[in-house]
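The residues making up each chain are set out below.
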Amino acid sequence: MPSSSSVCPQCAAALPTYAGYTTWCEHCEWNVHGTTEPEHDTWYQRFYASMSRRHSNALFNSIVAARLLRPPVTVATVLAYALAACVHILTLCTAIGSALLISVDWPNFYCILLGCCGLGFVWLARPRIHPVPVLLRRDEFPAIYELADRVADALCAKRVDGISVNGDYNAGYARAGWKQQRILYLGLPLWEALDDAERIDLIAHELAHNINHDYRSKFFVGTAVSTLRELHSVLYPDRILPTEIGLWAFAAVPFTLTSLGLSYLIRLCALGMEHLLWSSSQRAEYYADILAATVSGKKAAIGGIEKLLLTNVFHFEVQRIVMQRTMQADVFEKFRESAAAIPDREKERLLRVGSKMLNRMDLSHPPALLRAKMIEQMAPEQPSLIVPDSLLNAARREMGELKPEIQAAIIDEYRASIYD
Ligand SMILES: [Zn+2]
Ligand SMILES: [Zn+2]
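Quick caveat: nothing in here was measured; it's all calculated off a predicted structure.

**What about the nonpolar core?**
- By size, the foremost hydrophobic cluster in this structure holds 67 residues, and its most contacted members are Ala148, Val151, Leu155, Leu184, Ile203, Ala204 and Leu207.
- Looking at which element gives the most residues to this core, the answer is helix H8 (residues 248–296), with nine residues.
- Grouped together as the second largest cluster of nonpolar side chains are 16 residues, Ala80, Val225, Leu231 and Leu277 included.

**A closer look at the packing of helix H10 (residues 311–323) against helix H11 (residues 331–341)**
- Two elements in contact, H10 and H11, have axes whose closest approach is 9 Å; the angle formed by their N-to-C orientations is 130°. It follows from the interaxial angle that H10 and H11 lie oblique. Of the two possible hands of crossing, H10 and H11 adopt the one that is right-handed. Listed contacts from H11 to Val313, Phe314, Glu317, Val318 and Ile321 of H10 are Val331, Lys334, Phe335, Ser338 and Ala339.
- Of the residues contributing to the contact of H10 with H11, the split by class is seven nonpolar, one polar and two charged.

**Description of the environment of Leu271**
- Among the secondary structure elements, Leu271 is positioned in helix H8.
- Distance in space between the C-alpha atoms of Leu271 and Arg229 is 9.4 Å, their sequence separation being 42 residues.

**Brief notes about the sheet that holds strand S5 (residues 181–187)**
- Reading across from one edge, S3-S5-S4 is the order of the three strands in this open sheet, with mixed pairing throughout. A single partner strand is all that each edge strand has here, and the edge strands are strand S3 (162–166) and strand S4 (171–176). Sheet twist, expressed as the mean angle between neighbouring strand axes with direction ignored, is 25°.
- In terms of strand pairing, S4 meets S5 through six bridges, oriented antiparallel. Bridged to Ala176 within S5 is Gln181.

Scoring rules and cut-offs
- Residues numbered from 1 in each chain as written.
- Chains lettered and ligands numbered in written order.
- Predicted model: local features only at pLDDT ≥ 70, side-chain atom pairs only at ≥ 80, totals over all residues.
- Core = buried A, V, L, I, M, F, W, Y, C linked by C-beta atoms within 7 Å.
- Buried ≥ 20, exposed ≤ 12 C-beta atoms within 10 Å, placed from the backbone.
- Helix = DSSP H or I, 4+ residues; strand = E, 2+ residues; numbered from the N terminus.
- Axes fitted to C-alpha atoms, helices over the stretch in contact; angles between N-to-C directions.
- Parallel < 35°, antiparallel > 145°, perpendicular 65-115°, else oblique.
- Left-handed = near helix turned anticlockwise from the far one by under 90°.
- Contact = placed C-beta atoms within 7 Å.
- Nonpolar A, V, L, I, M, F, W, Y, C, P; charged D, E, K, R; others polar.
- Pairing = 2+ DSSP bridges.

Below you can see the structure in the form of structure tokens.
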């Protein structure tokens, strides 16, 4: 029940007001964003948010009109691969050239200096391999692995090599280490927020990234983009005039300006590759949603997306526990209570906010409202996978064992962030 009512200052509609929640207007969308607009720290995040704002609706409409989800191979994706090849070839040629330069005229000082500079560049530009995280042991967590295996089989996807649980309100899938192991990341806060069917959907969405033609996540292009991002961050000068070196600062200006120019060029190249891949990677996300919904059913798929929007509610509970020094309280339980008390009107607001802007956790995915709409229109009603309750209960129990450890890590991380 609303605690009181007010009038929209923009269109004069009557607005129900809930204490502790943002008052907003569903007719003219006055104050729909409330006071918390998501900020994007890096140029990479800002780029994704702006692409999403500009092109999401058009892409959604084209997919629904053609009823074609599987990302096709387009000129843009081929071009992105070609650009990535250039980045990798350049790195390889520099490595070989630098090694030859050092060895051919050994021990010529200038050749060694130049060769070392080249090798330094190669070190910076080297393709970054995702490190293998701490994994749950199969013999200690058999149920959660069996659940993931059953979902993988239902999707006709490869089974995972490892599962890692962390304190994020999120989940993920990545290939890690030199052996490119398939790793499923499960954020315990998000897992605890979901019901059993939504958990199946979450795992299915992440595993679907294995089979959804997600070009961006493929090793070749992904590593080239991260190489360019790394190079950009190294070359981008903090200041044009580095005053900490006194009068020498003026002599350094040509170098900082060159460095700035190069960093912008590299950024442009990285953005170009992302631009070329944006449409196919967004399609791949929709495709992963539909593949997952086929396994888990439409209701679970939409429910999971709606709960993803409650990330701030979880972080607020963490904040409250730290401020009130009630560290023994179960943050997951507190969050569930808060989430259950959220009025439908606030959930609707969060969905609308999610349709316009992407929060930081969810930057690579299409806006939540469009994801939910796509599932509504394209996914089957019934799940194709039925998991016995005994397995779901065992998986829930196993994940529950991790709660104290993960809660302590979340609280430590939060404290470190406020005392920094
Ligand atoms: Zn209004
Ligand atoms: Zn995804």
